[in-house]
Amino acid sequence: MRYWPLRPGSSEHSLNLGHTANLLARVGVNRSRFLAADLLQVIGPGVPLAQCTIFAYPKRRNPEVFSFADRAREVSLPVISNKYVQRFFGLDGNQQAMNQSSAVHNTIVQRQSIDDIAHSEYRRICYEQPQISERVALLTHCESNRWLSVNFYRGREHGRFSEREMNYLETLAPLLIQAVRLHYHAYLHANEMPLLLAERVIRQQHVELTLREQELLRLMLSGLTVEDIAEQLGVRPVSAATYVKRLYRKLGINGLRELFGLATRAEWA
């Protein structure tokens, strides 16, 4: 695996204007469903890809799955993405690139093949099971001291990225990164209040929550249904409902109304 600052692209590559306009027009609109799929549409004519997943890396917390899309893989990408978030992200070449690079580079390119992964479970779940041969990530440092990682995956049927395909990706990278940053800025603006409320609940209740429980708390305070929470966590709705009940017990409350009461109560009350 290796990484480097984004290099200047070539002027010989062209864009599909319709796909590009669609990508920019949907900024802030259901990013989980559309953003990664729109990126695949923009890149598709020049580089065959199997999947795209976008992660946000908050400081001192597990990554967040920001958006994902695949092209008829035989496995569930949300489940794989969430296993990566919970178990494997520290083993990823992305982590090494982010830890060793300063934020002076607007974008870092990181390339990782299945042969680079020594950890057997990480390799099996994230590469062998979905039949992925290689991954190229575009990493950028953004608001609130977070990194964004836009990951493009090659299926075994596509082989490894060629030099021309890498040049094509790097040519398009500034546009792709800017679109993702705009989506993420809109997401942070819309979700800032749930994050603040979650921090207030934890502080007032004096509880120790796991990273997964903290994410669950934020999703609950965002007003999501159990079905939507299940999709975000990559689990079945019945499992998400169980997690919600356990969190209520841990917080010493009985339901969502009491949760919002805790979140909005004055801290000196």
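One can find the structure itself at the top, above this paragraph.
So, here's what we can say about the structure. Every residue gets a number counted from 1 within its own chain, in the order that chain's sequence is written. Selection of residues for local features in this predicted model requires a pLDDT of at least 70, selection of side-chain atom pairs for listing and counting requires 80 or more, and totals for whole chains, interfaces and linings are taken over all residues. Water and hydrogen atoms were dropped before computing side-chain values, which therefore reflect all heavy atoms in the structure.

1. Here we look at the overall build of the chain
Helices and strands together make up the secondary structure of the chain, namely ten helices and six strands. Radius of gyration: over C-alpha atoms. The globule rule applied is 2.2 Å multiplied by the number of residues raised to the 0.38 power. The C-alpha radius of gyration computed for the chain amounts to 19 Å, which stays within 12% of the reference 18 Å derived for 269 residues, consistent with globular compactness. By principal-axis analysis of the C-alpha atoms, the chain measures approximately 65 × 35 × 35 Å. Note on classification: 1.4 Å probe, protein chains only; a residue is buried when its accessible area is under 20% of the maximum for its type, exposed when over 50%, partly exposed between these limits. Considering the chain as a whole, with its 269 residues, one finds that 50% of them fall into the buried category. Pairs at least 24 apart in sequence give 68% of the contacts found in the chain among residues at least 6 apart. Calculation of accessible area relied on Shrake-Rupley with a 1.4 Å probe; when residues are assessed, cover is drawn exclusively from the protein chains displayed. Carbon together with sulfur atoms contributes 51% to the accessible area of the chain, which is approximately 13100 Å² in total. In summary, the charge assignment counts Lys and Arg as positive and Asp and Glu as negative, without counting His or the chain termini. Where a charge lies is defined by one atom per residue type, namely NZ (Lys), CZ (Arg), CG (Asp) and CD (Glu). In the chain, 33 positive and 26 negative side-chain charges are present, and the distance between their average locations comes to 4 Å. Each helix is a run of DSSP H or I of at least 4 residues and each strand a run of E of at least 2, with the numbering of both proceeding from the N terminus. Residues count as neighbours in contact if any of their non-hydrogen atoms are within 4.5 Å of one another.

2. Focus: the nonpolar core
The set of buried Ala, Val, Leu, Ile, Met, Phe, Trp, Tyr and Cys residues whose side-chain atoms join them within 4.5 Å is what this entry labels a nonpolar core. Within the largest apolar cluster, 35 residues are counted, with the highest numbers of intra-cluster contacts made by Leu-39, Ile-43, Ile-54, Val-150, Phe-152 and Leu-176. Broken down by secondary-structure element, the contributors of at least two residues to this core are helix 2 (31-43), strand 2 (51-57), strand 3 (64-70), strand 5 (132-142), strand 6 (146-155) and helix 6 (163-205). Ranked by residues supplied to this core, first place goes to helix 6 with twelve residues. With sequence-adjacent residues up to four places away left out, Ile-54 is seen in contact with Leu-35, Ala-36, Leu-39, Glu-64, Val-65, Phe-66, Ser-67, Ser-149, Val-150 and Val-180. With 24 residues, the next largest nonpolar core counts Val-65, Leu-77, Met-98 and Cys-126 among its residues.

3. So, the environment of Thr-171
Within the element layout of this structure, Thr-171 appears in helix 6. What makes Thr-171 partly exposed here is its relative accessible area of 22%. Along the backbone, Thr-171 and Arg-26 are 145 residues apart, and their C-alpha atoms lie at a distance of 22 Å.

4. What to know about helix 8 (residues 226-233)
Taken together, the buried positions of helix 8 are occupied by Ile-229, Ala-230 and Leu-233. The arc enclosing the buried residues of helix 8, seen along the axis, measures out at 100 degrees, which places them on a common side. At its buried positions, helix 8 is contacted by helix 3 (77-88), helix 7 (211-221) and helix 9 (237-251). Trailing helix 8 by a residue or two, Gly-234 shows a phi angle of about 75 degrees, which is positive. Within this analysis, the arc is defined by the directions that extend from the helix axis to the C-beta atoms.

5. Structural notes on the pairing of strand 5
Taken across its eleven residues, strand 5 has ten buried, putting it largely inside the fold. Sheet topology places strand 4 (residues 108-113) next to strand 5; six bridges connect them, and they run antiparallel. Residue pairing in the sheet places Val-109 in a bridge with Leu-138 of strand 5. When strand 5 meets strand 6, the two strands line up antiparallel, connected through ten bridges. Paired with Val-136 across the strands is Phe-152, a residue of strand 6. Here, a strand pair is defined by DSSP locating no fewer than two bridges between the strands.

6. Re the pattern of salt bridges
Put simply, a salt bridge is a Lys or Arg side-chain nitrogen that is within 4 Å of an Asp or Glu carboxyl oxygen. For the coordinates displayed, the defined rule picks out ten salt bridges. We note a salt bridge from Lys-250 to Glu-213, for which the minimum N-O separation is 2.9 Å. Taken together, the residues Lys-250 in helix 9 and Glu-213 in helix 7 connect sequence positions 37 residues apart. Three or more residues are tied together by salt bridges with common partners; here these are Arg-87, Glu-121 and Arg-124.

7. Structural notes on the sheet that holds strand 4
Read across the open sheet, the six strands follow the order 1-4-5-6-2-3; overall the sheet is antiparallel. Looking at the sheet topology across the chains shown, the edges are occupied by strand 1 (2-5) and strand 3. Across the sheet, the mean angle separating the axes of adjacent strands is 15 degrees when strand polarity is ignored. This element, helix 4 (residues 93-100), spans strand 1, strand 2, strand 4, strand 5 and strand 6 of the sheet and lies at about 30 degrees to strand 5. All axes are obtained by fitting lines to C-alpha atoms, using only the stretch in contact for helices, and the reported angles, taken between N-to-C directions, cover 0 to 180 degrees. Against the sheet, helix 5 (residues 120-128) touches strand 4, strand 5 and strand 6, its axis set at about 95 degrees to strand 5.

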